[in-house]
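# Close look at the chain arrangement
Listed below, chain by chain, are the residues.
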Amino acid sequence: MKKFESIEYLKNGNSRQVQSYKILKSINIFNILKEFNPILVGTISIGIDIEKSDLDIVCQINLENKENFKDIIVKYFSQLKKFKITDKFLSDGIILINFFIDNIEIEIYASKLLSIETNGYRHMIIEDRFLNYASLKFKKMIIALKRDGVKTEPAFAKLLNLNGNPYEELLNLEFLTDKEIIDKLRELGYEKRE
């Protein structure tokens, strides 16, 4: 979904999205990391965040540009509060970066995958599609579960009656048509009523 490949949509969102837009713009992170295809993913992007939700950014790196990526991260962000870099690239194929701005945590997840192929991005797109067709009750129930400590994907899995690993089960819904999503929501009593 092209909408999420830029953060411009946040400007016209809810108060948390506008605040996030200002924070991300203030540190110029998307321009600084442009060559690594950064995409903001997660709950703030789709309006189901809670007070402690963080800003998650996925990036694509490879063996050739991994050190350059780390150098850029250190140069521009290492002075920020609680900065931490975890390099598991050779074992797990990922580098994680965490820091805080204005008491909001930013987590950068860099891997060999294209940004749009990461589970974080794919989960967000699936969740956004369901939210677009679901009732406000469904959205409020997701947020309530999150406030009770349930992670996002398990919250969706619970309300959608998915069995098994919620992260994998959610990915199994990736290719549902809009009609199939609407039918599933209707079957569970969560469809949006005009």
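One can find the structure itself at the top, above this paragraph.
Conventions and cut-offs
- Residues numbered from 1 in each chain as written.
- Predicted model: local features only at pLDDT ≥ 70, side-chain atom pairs only at ≥ 80, totals over all residues.
- Heavy atoms only, no water.
- Axes fitted to C-alpha atoms, helices over the stretch in contact; angles between N-to-C directions.
- Helix = DSSP H or I, 4+ residues; strand = E, 2+ residues; numbered from the N terminus.
- Parallel < 35°, antiparallel > 145°, perpendicular 65-115°, else oblique.
- Left-handed = near helix turned anticlockwise from the far one by under 90°.
- Contact = heavy atoms within 4.5 Å.
- Nonpolar A, V, L, I, M, F, W, Y, C, P; charged D, E, K, R; others polar.
- Salt bridge = Lys/Arg side-chain N within 4 Å of Asp/Glu carboxyl O.
- Buried < 20%, exposed > 50% of the residue type's maximum accessible area, 1.4 Å probe, protein only.

## What to know about the packing of helix α6 (residues 119-133) against helix α8 (residues 152-159)
Closest axis-to-axis distance for the α6/α8 pair is 11 Å, and the angle between their directions is 40°. Between α6 and α8, the interaxial angle falls into the category oblique. For the element pair α6 and α8, the recorded crossing hand is left-handed. Seen from α6, the contacting residues are His123, Glu127, Phe130 and Leu131; seen from α8, they are Thr152, Glu153 and Phe156. Along the lines of polarity and charge, the residues of the contact of α6 with α8 split into three nonpolar, two polar and two charged.

## A short note on the environment of aspartate 92
Position of aspartate 92 relative to the elements: it lies in helix α5 (residues 89-92). Separated by 20 residues in the primary sequence, aspartate 92 and lysine 112 have C-alpha atoms spaced 9.9 Å apart.

## Topic: the pattern of salt bridges
Tallied over the full model, the rule gives 12 salt bridges. Between arginine 186 and aspartate 183 there is a salt bridge whose closest N-O contact spans 3.2 Å. Of the two residues, arginine 186 and aspartate 183 are both situated in helix α10 (residues 178-188); the distance of three residues between them amounts to about one turn of the helix. Classification of arginine 186 by relative accessible area gives partly exposed; the value is 45%. A residue is classified by how much of its surface remains accessible, and aspartate 183, at 30% relative accessible area, is partly exposed.

## Here's the deal with the environment of phenylalanine 156
Tracing the backbone through its elements, the reader meets phenylalanine 156 in helix α8. With sequence-adjacent residues up to four places away left out, phenylalanine 156 is seen in contact with Ile48, Glu127, Phe130, Leu131, Phe138, Ile142 and Leu170.

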